[in-house]
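What follows is the residue order along each chain.
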Amino acid sequence: MPPKRRAAKQLSTSSAKKPRKSASPRKGKAARKSKGVPAKNLKKPKKAKLPKAPSENLEKKATKKSADAAEEENNISTKRKYISCISPDPLNKLKVVILGQDPYHDDGQAMGLAFSVPKGVPPPPSLKNIYKELKIEYPEFTAPDHGSLERWAEQGVLLLNATLTVEAHQPNSHSKIGWQKFTDAVIKIINNNCRDIAFILWGGFAQKKGKIIDQAKHHVINTAHPSPLSLNKFLNCGCFTQANKALKKAGQSQIDWTDL
């Protein structure tokens, strides 16, 4: 019996002295690096991508919405006519700028010129009120049987809407897609590169754009809007004769406003 106890005691002593195995290193990049793997073979961490600036996204959205409007969204100002207001003549022929808000939104009305409609389309109420003011300022004027203001454009009048497209029957629906950055830039180009332009700003919206215009270089005419809602304030404003007086003072030929 005693010899058996001695053997058991020796067994327990030998097992206590047996060294523990160390934890195996984690597999992965750290292990490979510690074994001397060349750095060029290690995968580089991906660089974080910065989000696009809001202005870039806005510009992209505006370009897509405006360019594809006619074909895809039943928009007014079709087939690229929305920029026809700035295409006929160079800056050196420009005399007057009339600023509107956005195109007429009923079917067949908008044609790229602010306040104008194609021949064959009945003049909207605002345009009828413009004719009323013309009659007051020029008694010989007879309102035409159409609503086209193309003859004004041919004489050097820029009929510019701040927003160049609109969805059918939804006024001001494209006011926030980026057009106003573009049209503000147009006004700035005119302001910086021309002199003695007569700016006719009808209503509060247009008059806010007056801050872009250097009134030491140009003549600014602020009146009420020709909308039926402000007709009493618009009539007898004298905006057309004021513009011609400014042009005459600057030595330029005047606009024949009655030639429509």
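Reading the values: the criteria
- Residues numbered from 1 in each chain as written.
- Predicted model: local features only at pLDDT ≥ 70, side-chain atom pairs only at ≥ 80, totals over all residues.
- Heavy atoms only, no water.
- Helix = DSSP H or I, 4+ residues; strand = E, 2+ residues; numbered from the N terminus.
- Buried < 20%, exposed > 50% of the residue type's maximum accessible area, 1.4 Å probe, protein only.
- Phe/Tyr/Trp six-rings, centres within 6.5 Å; stacked < 30°, edge-to-face > 60°.
- Core = buried A, V, L, I, M, F, W, Y, C linked by side-chain atoms within 4.5 Å.
- Contact = heavy atoms within 4.5 Å.
- Lys, Arg positive; Asp, Glu negative; His and termini not counted.
- Salt bridge = Lys/Arg side-chain N within 4 Å of Asp/Glu carboxyl O.

Colleague: Would you explain the overall build of the protein in this entry?
Modeller: When you go through the protein residue by residue, the secondary structure sums to 10 helices and 6 strands. The 260 residues of the protein split such that 41% are buried.

Colleague: Would you explain the packing of aromatic side chains in this entry?
Modeller: Note on aromatic pairs: each is described by the distance of the centres and the angle between the planes. For the structure shown, the criterion picks out 7 aromatic pairs. Centre to centre, the rings of Phe115 and Trp202 are 5.0 Å apart; their planes meet at 80 degrees, and the pair counts as edge-to-face. Linking Phe115 in the loop between strand S2 (96–100) and helix H5 (125–137) with Trp202 in strand S5 (residues 198–202), this pair joins segments that are 87 residues apart in sequence. Trp202 matches Phe115 in its accessibility class, with the two residues each being buried. Where Trp202 meets Phe240, the ring centres are 6.1 Å apart and the plane angle is 80 degrees; that geometry is what we call edge-to-face. Residue Trp202 is found in strand S5, and its partner Phe240 is found in helix H10 (residues 239–249); the two are separated by 38 residues along the sequence. Overall, the relative accessible area of 2% leaves Trp202 in the buried class. For Phe240, a relative accessible area of 0% puts it in the buried group.

Colleague: I tried to follow the nonpolar core on my own but got confused; where do I start?
Modeller: Proteins that are soluble and globular tend to have nonpolar side chains buried together. Among the nonpolar cores identified, the biggest contains 33 residues, and Ile98, Leu134, Trp152 and Trp257 are the most heavily contacted of them. Secondary-structure elements contributing two or more residues to this core are S2, H5, helix H6 (150–154), strand S3 (157–161), S5 and H10. Excluding residues that lie within four positions of it along the chain, Leu134 makes contacts with Phe141, Trp152, Phe240, Trp257 and Leu260. Formed by 17 residues, the second largest nonpolar core is a distinct cluster that contains Leu94, Leu160, Ile197 and Val220.

Colleague: What am I meant to see in the side chain of Glu133 here?
Modeller: Relative to the assigned elements, Glu133 resides in helix H5. Put simply, Glu133 is tucked away with no salt bridge, and the nearest opposite charge, on Lys132, sits 11 Å away. Ignoring any residue separated from it by four or fewer positions in sequence, one finds Glu133 in contact with Phe234, Leu235, Asn236, Cys237, Gly238, Cys239 and Phe240.

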